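# Summary of the model geometry
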Amino acid sequence: MFTKGPAVASRALFFSIAAVGLILVSLYTDWLDPVRSKLGVIAEPFYWVTNIPERIGDWSDDTFSSRQALQEENEALKSELLILQRKLQQMAALAAENVRLRRLLGSSDMLQDNVLVAELVGVSPNPLSHSVVINKGLSDGVYNGQPVLDAFGLMGQVVEVTPGSSRVLLITDSNHALPVQVNRNGVRAIAEGTGHINRLRLRHVSNTTDIREGDLLVSSGLGDRFPVGYPVAEVEKVVRDPGQAFSTVIARPMARLDRSRHLLLVFGKDRGEGRREPAGEAQSELVPEDGAVGEPADD
């Protein structure tokens with residue numbers, strides 16, 4: 001293609017212009033979405049192949065563990081199970097009390113969310129895009145906008161679905177925002193990504209707002225995109241400048257965005273496991289008071 005001759009420079013210029021044109025079309029239009037979806041299907045075997053070393057490592061660890069190590073792990077798991085059972089009993093009592101209070105207020109009974117376990121099989125190589133690929137897709141009932149959690153808190157939401165895999169946009173991506181509230185006092189705010197994997201910031205927080213370092217931020221559930229009450233982040237820094245109308249509030253995500261491998265896909269109250277939504281029909285989340293959305297935000 002690039003043979004020696006006077007046409008080499010013109011060919012290189014042509015292909016460079018074509019590449020830039022494709023990038024601009026992909027960024028500002030949805031014309032290439034069908035192509036991207038087809039390429040996602042083609043890329044699924046490559047994700048599976050690149051995951052083979054990790055599977056081999058897990059298999060070898062399980063196979064060649066010594067009996068003493070297994071016994072120690074078993075004892076540790078038994079102790080942890082007892083602790084978790086005690087906490088579960090406490091949570092059951094709190095849930096029962098909450099249901100009684102909701103009935104007294106005339107609210108409907110609280111329904112348990114359906115979840116689906118997924119495994120992370122790929123990470124975006126682009127440092128400006130915080131997204132991962134999981135091994136569940138349309139065939140498993142995954143839909144655009146579906147919330148994703150790990151064992152510690154909210155991770156993000158599904159933004160692209162193929163038959164056998166999905167792409168998840170993390171909450172720290174600069175194009176993502178979600179409504180939260182301070183667990184201590186219920187103050188509402190909007191947490192948006194900063195482009196740093198361990199940092200969120202709160203948008204438009206007044207200098208007089210009661211928020212302090214160490215406060216736990218949980219999902220507010222406004223708009224029915226993210227489930228209510230799930231941990232999102234912990235406030236790390238609050239800077240109040242008398243010359244500015246709003247404070248600078250920085251928070252650290254509770255989810256282990258850079259290390260969690262097994263994730264949970266949450267199905268909302270109006271969705272059951274296996275119910276599907278076409279990939280292009282993501283629902284937007286309306287937040288009446290703050291005007292933000294729980295899906296990728298256009299900054």
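For the structure, check the block above.
Below, the structure is looked at part by part. None of the values given here were measured: they were computed from a predicted structure.

### Some thoughts on the sheet that holds strand β5 (residues 166-170)
Taking strand neighbours around the barrel as the criterion, the six strands line up as β1-β2-β5-β4-β3-β12 in a closed arrangement whose pairing is antiparallel. On average, adjacent strands in this sheet sit at an angle of 45° to one another, irrespective of strand direction. In the sheet, strand β4 (residues 154-161) pairs with β5 via five bridges, with the strands oriented antiparallel. If you follow Gly156 over to β5, its bridge partner there is Leu170.

### Some details on the environment of Val132
With respect to the helices and strands, the residue Val132 is situated in strand β2 (residues 131-134). Taking the C-alpha atoms as reference points, Val132 and Gly122, separated by ten residues in sequence, lie 5.6 Å from one another. Beyond its immediate chain neighbours, meaning those up to four positions away, Val132 contacts Leu120, Gly122, Val123, Ser166, Arg167, Val168 and Leu170.

### Section: the side chain of Lys136
Structurally, Lys136 can be placed in the loop between β2 and β3 (147-149). When sequence neighbours within four positions are dropped, the list of residues in contact with Lys136 reads Leu116, Val117, Ala118, Val142, Gly164, Ser165, Ser166 and Leu265.

### A look at a nonpolar patch on the surface
On the surface, Val20, Ile23, Leu24, Leu27 and Tyr28 cluster together to form a nonpolar patch covering roughly 570 Å² of accessible area. The topology assignment puts Val20 in helix α1 (residues 8-28). When its relative accessible area of 47% is taken as the criterion, Val20 is described as partly exposed.

Cut-offs used in this document
Residues numbered from 1 in each chain as written. Predicted model: local features only at pLDDT ≥ 70, side-chain atom pairs only at ≥ 80, totals over all residues. Heavy atoms only, no water. Pairing = 2+ DSSP bridges. Helix = DSSP H or I, 4+ residues; strand = E, 2+ residues; numbered from the N terminus. Axes fitted to C-alpha atoms, helices over the stretch in contact; angles between N-to-C directions. Contact = heavy atoms within 4.5 Å. Patch = residues over 30% accessible without salt bridge, like charges linked within 9 Å, V, L, I, M, F, W, Y side chains within 5 Å. Areas by Shrake-Rupley, 256 points an atom, 1.4 Å probe, with all protein chains shown as cover. Salt bridge = Lys/Arg side-chain N within 4 Å of Asp/Glu carboxyl O. Buried < 20%, exposed > 50% of the residue type's maximum accessible area, 1.4 Å probe, protein only.

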